[in-house]
Amino acid sequence: MDFITVTPENLEQEHICCAISNNKDCQVASKKAWMAECFADGLVFRKADARGKCFIEYLPAERAWAPIEAPGYLHIDCFWVSGQLKGHGYADELLDSCIEDARAQGKAGLTVLSSAKKQPFLSDPAYLRKRGFRTADTAAPGYELLHLPLGDAAELPRFKSHVKEPRTDDAGFALYYSPQCPFTAKCVPLVADVAAARGVPLKRILLETAEQAQNAPAPFTAYSLFHDGVLLTHEILSPKKFEKLLDERGL
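Keep in mind it's a predicted model, so treat the numbers as computed, not measured.

Residue Pro141 is bonded to the preceding Ala140 through a cis peptide linkage, with omega at 0 degrees. For Pro141, the position within the fold is in the loop between strand E7 (134-139) and strand E8 (143-149). For Asp228, which is not a glycine, the phi torsion comes out positive at approximately 50 degrees. Its place among the elements puts Asp228 in the loop between strand E12 (223-227) and strand E13 (230-233).

Here the focus is the packing of aromatic side chains. For the structure shown, the criterion picks out 7 aromatic pairs. Arranged with centres 5.6 Å apart and planes meeting at 75 degrees, the rings of Trp34 and Trp65 form a pair that is edge-to-face. One end of the pair, Trp34, is in helix H1 (residues 26-38); the other, Trp65, is in the loop between strand E3 (54-60) and strand E4 (68-69), with 31 residues separating them in the sequence. The pair formed by Trp34 and Trp65 is uniform in burial state, with each residue classed as buried. Pairing Phe55 with Trp80 gives two aromatic rings, centres 6.2 Å apart and planes at 75 degrees, and the pair type is edge-to-face. With Phe55 in strand E3 and Trp80 in strand E5 (residues 73-81), this pair connects stretches of sequence that are 25 residues apart. Phe55 gets classed as buried once you look at its relative accessible area, which sits at 1%. A residue is classified by how much of its surface remains accessible, and Trp80, at 28% relative accessible area, is partly exposed. Here the aromatic cluster, defined as three or more aromatic residues joined through ring pairs, consists of Phe45, Phe55 and Trp80.

Tracing the chain through its elements places Asp137 in strand E7. Under the relative-accessibility criterion, Asp137 is labelled buried at 14%. From its side chain, Asp137 meets the backbone nitrogen of Phe159 in a polar contact 2.9 Å long. Of the polar contacts made by the side chain of Asp137, one reaches the side chain of Lys164; its length is 2.5 Å. With residues near it in sequence (within four places) discarded, Asp137 still touches Tyr143, Glu144, Leu145, Pro157, Arg158, Phe159 and Lys164.

Attention now goes to the pairing of E7. Pairing between E7 and E8: 5 bridges, direction antiparallel. The residue bridging Asp137 from the neighbouring strand is Leu145, located in E8. The loop that links E7 with its antiparallel partner E8 comprises 3 residues; one of these, Gly142, has a positive phi angle of about 140 degrees.

Thresholds applied
- Residues numbered from 1 in each chain as written.
- Predicted model: local features only at pLDDT ≥ 70, side-chain atom pairs only at ≥ 80, totals over all residues.
- Heavy atoms only, no water.
- Helix = DSSP H or I, 4+ residues; strand = E, 2+ residues; numbered from the N terminus.
- Phe/Tyr/Trp six-rings, centres within 6.5 Å; stacked < 30°, edge-to-face > 60°.
- Buried < 20%, exposed > 50% of the residue type's maximum accessible area, 1.4 Å probe, protein only.
- Polar contact = N/O pair within 3.5 Å; in protein donor to acceptor, adjacent residues only side chain to side chain.
- Contact = heavy atoms within 4.5 Å.
- Pairing = 2+ DSSP bridges.

Okay, structure coming up:
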């Protein structure tokens, strides 16, 4: 299998692997617009030369869309190998290329958002630990900031203090999200339609810059749904899943 690094020059013609085949889909357009802006910050998106979910995406932690403090690290913000592309060693190849890049840049190591147990939209902790990642910090209700040190005496990465116990001052439902994940472009409006149809207020807060994401109220900045200030989920909900959530709360 060959791998392709997506660049500003080939961004428009390359498939970005997120289970979306139509290049004109609003989700693809949203993601590619986000990537185009982040290339200047050092974003790297490397993928298999195949239609499927097999890629790694990372950038310098100082410009990561994550509320972390990890100076001198590269931050992996998406790492996904699934379907028929699993089981061929491609995850190892992608991660190895990231490690090589970090060493070439003289970085202290890698960071990645994960969890104590595998959760949707977070990197697999079992695989990462097998590859040498360790827990650098934790945040409620089960997030872990994992790191792979590549040198001595590097300062341990950590979550910003305000996300150790994620909360907001918003009353009712508040959804913080960003275009970092393409699925938000379609799913957020659909969830908003469900809320409107039920007469349930839903405040949407779009994070449009790295600085806004770094000061977001929860570790997962692509999508975090709160209710009365309490974090409910970071899973990007379909309308049916959101309806079920409302049903459970009698709304």
